[in-house]
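# Observations on the model geometry
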Amino acid sequence: MGEEGRVGILMCAGCAFVCLLLFVTMTLTQVAIQDRRLVSCADALAGAGIGGASSSQVLAGQASGIDEAGARSRVEAALSAMGTTTCRVGEGVMVTGVRVDREEVEVSVRARPRVSALPPVLVGVVVPELERTSSARVRPL
């Protein structure tokens, strides 16, 4: 094999490496963007969960009176309302937990990111499931 054959093989290998690097970079960018969206969704849902705090009790410096069932129902309603906007992440957002601790509501959400360049068979194996937690707190004035 002459010099021209070796240079051609090296060029093909170099192009394949660059293409692989671009593919990996695109995939990581898609996952990172969807992770940021999931954080925004968790923040919005935590805010919606705290939305039922009794303002008269908060102004008086008493406990907020937020119950877990009410907070969960407000979070679920907010998720269905924001499913096509703020909470449009990957295959869909699932609320995995709502915890109420006096003046604080903590919401945990999970989503599997959608990666356009991978076949659906590989997505479940290669792409991690994203999980984020956010909290909102009512503070007296």
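Since this is a predicted model, take the numbers as computed values, not measurements. (Residues numbered from 1 in each chain as written. Predicted model: local features only at pLDDT ≥ 70, side-chain atom pairs only at ≥ 80, totals over all residues. Heavy atoms only, no water.)

## A closer look at the packing of helix α1 (residues 3-50) against helix α3 (residues 68-81)
What counts here: Note on definitions: angles span 0 to 180 degrees between N-to-C directions of axes, and those axes are lines fitted to C-alpha atoms, for helices only across the stretch in contact. Strands here are runs of E lasting at least two residues and helices are runs of H or I lasting at least four, both read from the DSSP assignment and numbered beginning at the N terminus. We call two directions roughly parallel when the angle between them is under 35 degrees, roughly antiparallel when it is over 145, roughly perpendicular when it lies between 65 and 115, and oblique otherwise. Note on convention: near helix rotated counterclockwise from far helix by under a right angle means a left-handed crossing. Clockwise means right-handed. By definition, residues are in contact when any of their heavy atoms lie within 4.5 Å. Under the convention adopted here, Pro, Cys and the residues Ala, Val, Leu, Ile, Met, Phe, Trp and Tyr are nonpolar, Asp, Glu, Lys and Arg are charged, and Gly plus all remaining residues are polar.
Close contact between α1 and α3 brings their axes to 8 Å; oriented N to C, the two are set at 135 degrees. Classed by the angle they form, the pair α1 and α3 counts as oblique. Where α1 crosses over α3, the two elements pack in a sense that is right-handed. The segment α1 lies against α3, with C41, L45, A48 and G49 engaging A71, R74, V75, A78 and L79. Looking at the contact of α1 with α3, its residues break down into seven nonpolar, one polar and one charged.

## Overview of the nonpolar core
Heads up, the rule is: Residues grouped as a nonpolar core are buried Ala, Val, Leu, Ile, Met, Phe, Trp, Tyr and Cys residues, joined through side-chain atoms within 4.5 Å. Relative accessible area decides the class of each residue, using a 1.4 Å probe on protein chains only: under 20% of the type maximum gives buried, over 50% gives exposed, and in between gives partly exposed.
Ranked by size, the top nonpolar core spans 30 residues in total, and within it L45, V93, V95, V105, V107 and V109 carry the most contacts. Listed by contribution, the elements that provide at least two residues to this core are α1, α3, β1 (93-101), β2 (104-111) and β3 (130-137). With seven residues, α1 is the largest single contributor of residues to this core. Each residue touching V93, except ones within four places of it in the same chain, is listed here: L38, C41, L79, C87, V109, R110 and A111.

## What to know about the state of the cysteines
Threshold: Criterion for a disulfide: a pair of cysteine sulfur atoms within 2.5 Å.
By the definition in use, this model includes one disulfide. Note on cysteine connectivity: C41 is disulfide-linked to C87, with sulfurs 2.0 Å apart. One quick way to see it: the torsion about the S-S bond of C41 and C87 is about 95 degrees, and its sign makes the bridge right-handed. With C41 in helix α1 and C87 in the loop between α3 and β1, this residue pair connects regions lying 46 residues apart in the sequence. The buried category is assigned to C87, whose relative accessible area is 4%.

By themselves, these observations are geometric and do not establish any function.
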